[in-house]
Amino acid sequence: MPRKLSTDDELLARLRTLTAQARERAEYQRSQVELAIALQRGMLPRNLPDTPRFHLAVRYAPATYGLNVGGDWYDAFTLPDGRIGLSIGDVQGHNIEAAAFMGQVRAGLRALASVTGEPGELLSRTNDLLITLGNDLFATCTFMRLDPETGVLESARAGHIPFVWATADGKSGIGEDEGGPPLGIEPGTEYPVSRFRLTTGGMFVLLTDGVVEGPSMNIEKGLDQVARLAGIAAVAGLEAHSLAAAVIKGAEQVGHEDDAAVLVMGHDGLDGTP
């Protein structure tokens, strides 16, 4: 005659079942995070344009809190007319869907840039393209177009945080250019363009909010901190790589639960001296 299970035996059996289910869910979630991170890293550019007098450097730190996986990206590429396109952005959400949507945004920007590199028009076309995809997600983005021959830099923003700048003569600050709404929300949106001429050596820093905003720091303080770092780097004539490393290191202070991406452009000025 089979032994009747005691209450303790039943509890142990139930505990083993729950433990196995929890382990299975944890394995699934970990595989999703690993896949999203692989997607992110696979979609980021392997090489950056190499242009005299202009020096590019990037840093990227994935989210380190729980199962958060964001959709931050950076990109830099040569346009058909020889100018340089620079973009940085952040997709809403923290999952594999956000990482995949990030790839769509970045690919859309690159493809449409072969038609028009004008930053405002490019963001407008990308916005309309994303809306036709029928995805509920949206993305913030800054796109810049640099003419390395004249030093003219054009910029447009779609809901993204402002850039930071600094010059070798000791000036620094946070961009005050007018922006538009994030990509993928309102069809037919127009994005204003700001233009600068880089005559004095210095730094431009594009970043995502995970670098400057978190539980331990508000965005105003975070941007001010980056502006101070950029100012020191510009006056000291440091390389773009050094500033990018310092900025991403500073992101640890915000206690961020999000991805963090930094794109630094150092420029020597039109006379070729820092």
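This part is about the overall build of the chain. Looking only at helices and strands, one finds five helices and 10 strands in the chain. Relative to its full complement of 274 residues, the chain shows a buried share of 48%. At a minimum sequence separation of 6, the contacts of the chain that also span at least 24 residues come to 74%.

The subject of this paragraph is the packing of helix H4 (residues 219-236) against helix H5 (residues 240-250). With their axes 10 Å apart at the nearest point, H4 and H5 run at an angle of 155° to one another. Judged by the angle between their axes, H4 and H5 are roughly antiparallel. The interaxial crossing formed by H4 with H5 has right-handed handedness. For the pair H4 and H5, the contacting residues are Gln225, Val226, Leu229, Ala230 and Ala233 in the first and Leu243, Ala246, Val247 and Gly250 in the second. A class-by-class count of the residues in the contact of H4 with H5 yields seven nonpolar, two polar and no charged.

Right, let's get into the packing of helix H2 (residues 96-113) against helix H3 (residues 119-132). The contact between H2 and H3 brings their axes to 10 Å, and the two run at 135°. Accordingly, the angle class assigned to the pair H2 and H3 is oblique. In this structure, the crossing between H2 and H3 has a hand that is right-handed. Mapping the contact onto sequence places Phe101, Val105, Gly108, Leu109, Leu112 and Ala113 in H2 and Leu122, Leu123, Arg125, Thr126, Leu129 and Leu130 in H3. Here the contact of H2 with H3 is composed, by residue class, of nine nonpolar, two polar and one charged.

As a further point, take the layout of surface pockets. Which parts of space are left empty comes out when a probe the size of a water molecule is rolled across the atoms. Estimated volume of the largest pocket: approximately 230 Å³. Looking at the largest pocket, it is lined by 17 residues, and the ones nearest its centre are His55, Met203, Leu238, Glu239 and Asp268. Counting only elements with at least two residues in the lining of the largest pocket, the list comes to strand S1 (54-61), strand S9 (200-207), H4, H5 and strand S10 (260-269). Computed from the structure, the second largest pocket encloses a volume of approximately 180 Å³. Taken together, 13 residues form the lining of the second largest pocket, with Trp165, Thr167, Phe196, Leu198 and Phe204 sitting closest to its centre.

Our next topic: the packing of aromatic side chains. Geometry of an aromatic ring pair is reported as the spacing of the ring centres plus the angle between the planes. For the structure on display, the rule yields four aromatic pairs. Relative to Phe143, the ring of Phe77 lies with its centre 6.3 Å away and its plane at 45°, an arrangement referred to as tilted. Separated by 66 residues along the polypeptide, Phe77 in strand S2 (residues 73-78) and Phe143 in strand S4 (residues 139-147) bring together distant segments of the chain. For the residue pair Phe77 and Phe143, the accessibility class agrees, reading buried in each case. Ring pairing ties together the aromatic residues Phe163, Phe196 and Phe204, which thus form one cluster.

Further remarks concern the side chain of Ser194. Position of Ser194 among the secondary structure elements: in strand S8 (residues 194-197). Exposure remark for Ser194: the relative accessible area of 17% places this residue in the buried category. Discounting residues that sit within four places of it in the chain, Ser194 has contacts with Leu153, Glu154, Ser155, Asp177 and Glu178.

Let us now look at the nonpolar core. Within the largest apolar cluster, 25 residues are counted, with the highest numbers of intra-cluster contacts made by Val205, Leu207, Val211, Val212, Leu243, Val262 and Val264. At the level of secondary structure, the elements contributing two or more residues to this core comprise strand S6 (164-167), S9, H4, H5 and S10. By residue number, the principal contributor to this core is H4, which donates seven residues. Core analysis: the second largest hydrophobic core is formed by 22 residues, Ala113, Leu123, Ala139 and Ala158 among them.

Right, let's get into empty space enclosed by the protein. One pass over the full model with this rule turns up one cavity of 30 Å³ or more. Its boundaries defined by the atoms lining it, the largest cavity holds a volume of some 40 Å³. Lining the largest cavity, in full, are Pro49, Thr51, Phe54, Leu56, Ile84, Leu146 and Met265. Of the residues belonging to the lining of the largest cavity, the class tally is six nonpolar, one polar and no charged.

Reading the values: the criteria
- Residues numbered from 1 in each chain as written.
- Predicted model: local features only at pLDDT ≥ 70, side-chain atom pairs only at ≥ 80, totals over all residues.
- Heavy atoms only, no water.
- Helix = DSSP H or I, 4+ residues; strand = E, 2+ residues; numbered from the N terminus.
- Buried < 20%, exposed > 50% of the residue type's maximum accessible area, 1.4 Å probe, protein only.
- Contact = heavy atoms within 4.5 Å.
- Axes fitted to C-alpha atoms, helices over the stretch in contact; angles between N-to-C directions.
- Parallel < 35°, antiparallel > 145°, perpendicular 65-115°, else oblique.
- Left-handed = near helix turned anticlockwise from the far one by under 90°.
- Nonpolar A, V, L, I, M, F, W, Y, C, P; charged D, E, K, R; others polar.
- 1 Å grid on protein atoms, 1.4 Å probe; cavity = no way out; pocket = protein on both sides within 12 Å on 5 of 7 lines; lining within 4 Å.
- Points joined across faces, edges and corners; volume = space filled by probe spheres on them.
- Phe/Tyr/Trp six-rings, centres within 6.5 Å; stacked < 30°, edge-to-face > 60°.
- Core = buried A, V, L, I, M, F, W, Y, C linked by side-chain atoms within 4.5 Å.

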